[in-house]
Amino acid sequence: MKLSACTAAFGMADLKKIIDTVAAIGYDAVEITVALHAPIDSTAAFRREVKGWIQSAGIACSGLHYIFDGTLRLLSQEPEMMKKSVDYLNKVIDLASDFEAPTVIVGSGGKTRSFEPEWNREKSIDCMAAVVHAAA
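Just so we're clear, the structure is a prediction, and the values are computed from it rather than from any experiment. (Residues numbered from 1 in each chain as written. Predicted model: local features only at pLDDT ≥ 70, side-chain atom pairs only at ≥ 80, totals over all residues. Heavy atoms only, no water.)

Peer 1: Explain the side chain of threonine 7 residue by residue, including any values.
Peer 2: Mapped onto the elements of the fold, threonine 7 is located in the loop between strand S1 (4–6) and helix H1 (15–25). The exposure class of threonine 7 is buried, given its relative accessible area of 0%. Discounting residues that sit within four places of it in the chain, threonine 7 has contacts with Leu15, Ile18, Val30, Glu31, Ile32, Thr33, His37 and His65. (Helix = DSSP H or I, 4+ residues; strand = E, 2+ residues; numbered from the N terminus. Buried < 20%, exposed > 50% of the residue type's maximum accessible area, 1.4 Å probe, protein only. Contact = heavy atoms within 4.5 Å.)

Following this line, the structure appears as structure tokens:
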């Protein structure tokens, strides 16, 4: 069994310190909180630096989570929002690739994936599935 620590557990602490601490405690990997520690618009240089920190610490990046920054509605029936969500998810997948993270957890709460009372639940789920499928 391998153990991974979530960077969100450390709040807004410096990501390098988090990675070093996770390794020092004995974890095998780190799960990076995108919205707090590695936004999708981060530079290629920053991504290489983070990957280097992870490798230097002797651990892996097990995955990315809390991937949405609050600007999108993954659960939307609006074509333009759906397109923006696909584009955003593709950028998250690129980030995961840069960190060699095998897993992306799609689960941010709040308005990102909540239903409005007047929405048809089945149609909304179909739209969300279409967004995830298009990104995959």
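Peer 1: Explain a nonpolar patch on the surface to me, using residue names and the numbers behind them.
Peer 2: On the surface, Met1, Leu3, Phe10, Ile25 and Tyr27 cluster together into a nonpolar patch covering about 570 Å² of accessible area. Tracing the backbone shows tyrosine 27 in the loop between H1 and strand S2 (29–33). When its relative accessible area of 30% is taken as the criterion, tyrosine 27 is described as partly exposed. (Patch = residues over 30% accessible without salt bridge, like charges linked within 9 Å, V, L, I, M, F, W, Y side chains within 5 Å. Areas by Shrake-Rupley, 256 points an atom, 1.4 Å probe, with all protein chains shown as cover. Salt bridge = Lys/Arg side-chain N within 4 Å of Asp/Glu carboxyl O.)

Peer 1: Tell me what's going on with the packing of aromatic side chains, and back it up with residues and numbers.
Peer 2: Enumeration according to the criterion identifies 2 aromatic pairs in this entry. Measuring from centroid to centroid gives 6.3 Å for phenylalanine 46 and tryptophan 53, while their planes differ by 90 degrees, and the two rings are edge-to-face. When its relative accessible area of 16% is taken as the criterion, tryptophan 53 is described as buried. For the pair phenylalanine 68 and tyrosine 88, a centre-to-centre distance of 5.5 Å together with 20 degrees between the ring planes defines the contact as stacked. Taken as a pair, phenylalanine 68 in the loop between strand S3 (60–65) and helix H4 (79–98) and tyrosine 88 in helix H4 lie far apart in primary sequence, 20 residues in all. Residue tyrosine 88 is classed as buried on the basis of its relative accessible area, which comes to 7%. (Phe/Tyr/Trp six-rings, centres within 6.5 Å; stacked < 30°, edge-to-face > 60°.)

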